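Results of the structural survey
The chain contents come next:
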Amino acid sequence: QLARIQTDSIVKMLRELYPDLRFEIVAMSTTGDKILDTALSKIGEKSLFTKELENALERNEVDLVVHSLKDLPTSLPPGFTIGAVCKRENPLDAVVFHPKNRGKTLSLLPEKSVIGTSSLRRAAQLKKKFPQLEFRDIRGNLNTRLKKLDEKEDFGAIILAAAGLKRMGWENRIGQLLSPEDCLYAVGQGALAVEVRAKDQEILNMVSALHDADTVLRCIAERAFMKRLEGGCSVPVAVNTVLKDGQLYLTGAVYSLDGSDSLKETMQTSVNYPQQSEDGPNDDVQHVGITAKNVPGQAQEAAENLGVELASLLLSKGAKHILSVARQLNDA
């Protein structure tokens with residue numbers, strides 16, 4: 001249902017921009033939708049929610065695919081690109097409480113309360129901050145997870161992305177928004193991406209009107225950070241970005257699975273560059289899988305470099321060890 005709402009919102013924007021075009025929506029399910037009894041981090045498949053959709057794109061059965069950007073690997077298969085990154089919804093994580101805990105916050109829950117989350121990133125940060133709570137895997141789409149929370153006594157609360165709840169119209173279920181001090185969010189969280197065939201200029205030009213420049217720059221920095229760290233679903237990597245007065249600030253962190261070991265740093269760079277003339281030789285340069293013709297190339301480059309430099313700083317301080325231990329423990 002959420003995927004459908006997200007797709008409909010993109011199509012609505014495109015219809016407003018191109019009233020003469022006809023858009024047909026094709027629904028399909030992916031590996032990630034089908035394997036619901038295993039933690040995401042254990043399935044070990046990078047393109048969990050994307051592969052089937054990309055196959056359809058490759059066979060020209062569809063022309064564009066709508067994803068949550070956080071589901072897209074930092075390296076796309078050859079021949080594909082992210083042709084649009086739309087204005088980001090609130091990227092923070094949200095706590096939804098069991099009806100009996102309504103009005104509480106995580107710190108006020110009874111000791112040993114069980115919190116449901118399928119994200120190693122969320123669990124690692126919150127275990128450290130709330131050692132009195134227990135964290136357990138919960139899978140399924142939003143509807144399923146809320147049902148599991150409300151109808152059983154297994155969970156005192158669950159953690160979800162605020163963006164998904166908002167898009168579903170369930171904002172009233174958010175009992176607590178987790179600030180970046182409590183919980184840094186996932187790379188690309190809250191942003192929608194439109195994936196297209198890289199060589200399909202017509203489609204690329206059409207969807208590029210949906211790019212939101214601020215979101216593009218923030219997400220390029222986040223994705224570059226993740227890519228340099230070689231992070232994915234199976235390790236806890238988290239970020240927070242702020243773009244203000246032409247300065248892009250990136251906070252990035254890596255965690256051990258129980259949150260006891262972590263590294264966190266912040267860096268900034270200027271992204272205040274003018275848009276250069278349209279048809280340069282670098283017309284279709286991709287930055288961590290994103291093609292954004294209408295965002296200044298130098299700004300994109302600066303954002304990508306920021307992500308790479310911050311990751312390199314963390315690696316120089318021992319991030320590789322933290323991540324490889326996390327990966328081994330998770331695999332075990």
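Residues numbered from 1 in each chain as written. Predicted model: local features only at pLDDT ≥ 70, side-chain atom pairs only at ≥ 80, totals over all residues. Heavy atoms only, no water.

Let us now look at the sheet that holds strand E9 (residues 237-244). As summarised here, the arrangement of the three strands in space is E9-E10-E11, forming an open sheet in which the pairing is antiparallel. The sheet terminates laterally at E9 and strand E11 (262-270), the two strands that pair on one side only. Across the sheet, the mean angle from the axis of one strand to that of its neighbour is 15°, orientation sign disregarded. As paired strands, E9 and strand E10 (residues 247-255) are joined by eight bridges and run antiparallel to one another. Looking at E10, one finds that Val237 is bridged to Val254. Against the sheet, helix H9 (residues 213-229) makes contact with E9 and E10, and its axis sits at roughly 150° relative to E9, the strand it touches most. Strands in contact with helix H11 (residues 319-331) are E9, E10 and E11; relative to E10, the strand with the most contacts, it is inclined by about 50°. (Pairing = 2+ DSSP bridges. Helix = DSSP H or I, 4+ residues; strand = E, 2+ residues; numbered from the N terminus. Axes fitted to C-alpha atoms, helices over the stretch in contact; angles between N-to-C directions. Contact = heavy atoms within 4.5 Å.)

This next bit is on the confidence of the model for the chain. Interpretation of this model should avoid reading the predicted coordinates in detail wherever pLDDT is low. With 90% of its residues at a pLDDT of 70 or more, the chain has an overall mean of 90. Ranking the elements of the chain by mean pLDDT puts helix H3 (residues 40-43) last, at 47, and strand E3 (residues 93-97) first, at 98. The low-confidence segment residues 42-48, where pLDDT is below 50, has twelve contacts with residues more than four positions distant or belonging to other chains. (pLDDT = per-residue confidence, 0-100.)

What follows deals with the sheet that holds strand E8 (residues 192-197). By way of backbone hydrogen bonds, the strands of a sheet pair with one another, either parallel or antiparallel. Here three strands make up an open sheet; going across it, the order is E1-E8-E2 and the pairing antiparallel. The sheet is open, and its two borders are formed by strand E1 (65-68) and strand E2 (80-85), each paired with just one other strand. The mean inter-strand angle of the sheet, taken between neighbouring strand axes irrespective of direction, is 35°. Bridge count for E2 against E8 is five bridges, and the pairing is antiparallel. Directly across from Ile82, in E8, lies its bridge partner Glu195. Lying over the sheet, helix H4 (residues 51-58) contacts E1, E2 and E8, oriented at roughly 35° with respect to E8.

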